[in-house]
Amino acid sequence: MKLLRQLAEAASRGVAVASATVVDTSRSVPRHSGAKMLVFRDGSIAGTVGGGEMEARVTAEAVAALSDGRCRLLSYRLVDPVRGDPGVCGGDVQIFVEPHMPEGTVIVIGYGHVGRAVTGLARWLGFRVTACDDRPEIHQDTPGEAAVGGADAAAAGPDEMVIGSVEDLLAGRSLTADVSVVLVTRNVDADAAALPKLLATDAGYLGVMGSERRWATTRARLEADGVDPGALDRVHAPIGIEMGAETPEEIALSIMAEVIAHRRN
C-alpha cells in the first residue's frame, strides 16, 4: 500500500514514474508474484523486486520505458551468470514494467484567434493548458475553466492564464520534456523576444506559427543576436502538419496533430 500511495502522489505532482511488478515465478527466486518497485527518471527506486544484478537490469529497462512510454514484460533466468543470467537463485521470474507518465501540458503563447482554438482543442484532447499573452485586455473575455468533455471542450478556456511576458510565464516554473510550447504570436518581434528564453528550457516540443519567410526572418535575427543555430534547429517552424488549413480551428488541428506526433515519437 505504501508504494501505491507513492505512485498516486507522483501522479498528483506530475512526476513520471514506472512500476515494476513481479507477475510470475518458478522455483527459487528472491521475490514472488506481487512484489513491486517504483523507478523514477533519475534511476532512483522505492521498493524492491529482488536486488542485485536483476534489479539493476529492471531499473535500466524502467528508465527506458519512461523515455519511450512503452510497457515491457521482462523474463529472467537466475541460474548461470557465466551465460549472462542476472543471478544464481535457480529459478525464473517475469516482471511487468509500466510507465506512468504525467498529464501532458501545452503552453500557448499568444491568445488570439488561433491561440484560443489551440487551447480548446488541447483541453478536449486531455492536455493541461497554460496560456500567456502580454495584452491585459485579452483577459477580459477569456472563457472560464469550463468542464472539459464533448462539445464544451472546444469553448473551454485555459487551466491557467498568464497576463504578461514570457519571463513572467517562466518565473518559478521549469519546463520538462512533457511540456509542448506553441507560439502563435502576432509578429516576429514577439517570437524573437520569447524564443531565447524558451530554448533555455527542457521543453519537449517548441513550435512557431507563421510562413517560411517569417521564420527565416526570425531565425536570421536570432542568429545575428548570437543564438546558437543548433538550438534553433529544435524549433518546429512553420508549426503544424501541412493540410491546407485556413481557419483558426483547422490551424489548431494541424498544430495539435504535430504535437501529438512528436510526443508519440
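Remember, it's a predicted structure, so these values are computed and weren't measured experimentally. (Residues numbered from 1 in each chain as written. Predicted model: local features only at pLDDT ≥ 70, side-chain atom pairs only at ≥ 80, totals over all residues. Heavy atoms only, no water.)

Undergrad: What should I look at first to understand the sheet that holds strand β2 (residues 36–40) in this one?
TA: To summarise the sheet geometry, strands pair through backbone hydrogen bonds and adopt either a parallel or an antiparallel arrangement. If you trace the five strands from one edge of the open sheet to the other, you get β3-β2-β1-β5-β4, paired in antiparallel fashion. Both edges of this open sheet fall to β3 (45–47) and β4 (72–77), since each of them pairs with a single strand only. On average, each strand axis in the sheet is inclined to that of its neighbour by 20°, with strand direction left out of account. Where β2 and β3 come together, three bridges link them in antiparallel fashion. Its bridge partner being in β3, V39 is matched across the sheet by I45. Across the sheet, helix α1 (residues 2–12) lies against β1 (17–26), β2, β3 and β5 (92–100), angled at about 25° from β2, the strand it touches most. Of the strands in this sheet, β1, β2, β3, β4 and β5 are in contact with helix α2 (residues 52–68), which crosses β4 at around 165°. (Pairing = 2+ DSSP bridges. Helix = DSSP H or I, 4+ residues; strand = E, 2+ residues; numbered from the N terminus. Axes fitted to C-alpha atoms, helices over the stretch in contact; angles between N-to-C directions. Contact = heavy atoms within 4.5 Å.)

Undergrad: How should I be thinking about the sheet that holds strand β8 (residues 160–163) in this particular structure?
TA: The sheet built from five strands is open, its strands ordered β8-β7-β6-β9-β10 with parallel pairing. At either end of the open sheet lies a strand with only one pairing partner, and these are β8 and β10 (205–208). Ignoring strand direction, the axes of neighbouring strands in this sheet form an average angle of 15°. By the bridge criterion, four bridges tie strand β9 (residues 179–183) to β10 in an arrangement that is parallel.

Undergrad: For this particular structure, what's the right way to read the pattern of salt bridges?
TA: Should the charged atoms of two oppositely charged side chains come close, the side chains can pair. Under the definition given, this model contains 17 salt bridges. Between D178 and R41 there is a salt bridge whose closest N-O contact spans 3.4 Å. With D178 in the loop between α4 (166–170) and β9 and R41 in the loop between β2 and β3, this residue pair connects regions lying 137 residues apart in the sequence. Under the relative-accessibility criterion, R41 is labelled partly exposed at 39%. The salt bridge involving R219 is made with D233; its shortest N-O contact spans 2.9 Å. You can see R219 sitting in helix α6 (residues 212–224) and its partner D233 sitting in the loop between α7 (229–232) and α8 (248–263), a full 14 residues away along the chain. (Salt bridge = Lys/Arg side-chain N within 4 Å of Asp/Glu carboxyl O. Buried < 20%, exposed > 50% of the residue type's maximum accessible area, 1.4 Å probe, protein only.)

Undergrad: In this structure, what is going on with the packing of helix α5 (residues 188–199) against α6? I would like to understand it.
TA: Relative placement of two packed helices is described by the angle separating their axes and the distance separating the axes. The geometry of α5 relative to α6 is characterised by a closest axis approach of 10 Å and an angle of 50° between their N-to-C directions. Judged by the angle between their axes, α5 and α6 are oblique. When you trace α5 past α6, the crossing you get is right-handed. Counted together, V188, D189, D191, A192, L195 and P196 of α5 and R214, W215, T217, T218, R221 and L222 of α6 form the full contact between these two elements. (Parallel < 35°, antiparallel > 145°, perpendicular 65-115°, else oblique. Left-handed = near helix turned anticlockwise from the far one by under 90°.)

By themselves, these are just geometric observations and shouldn't be taken as functional.
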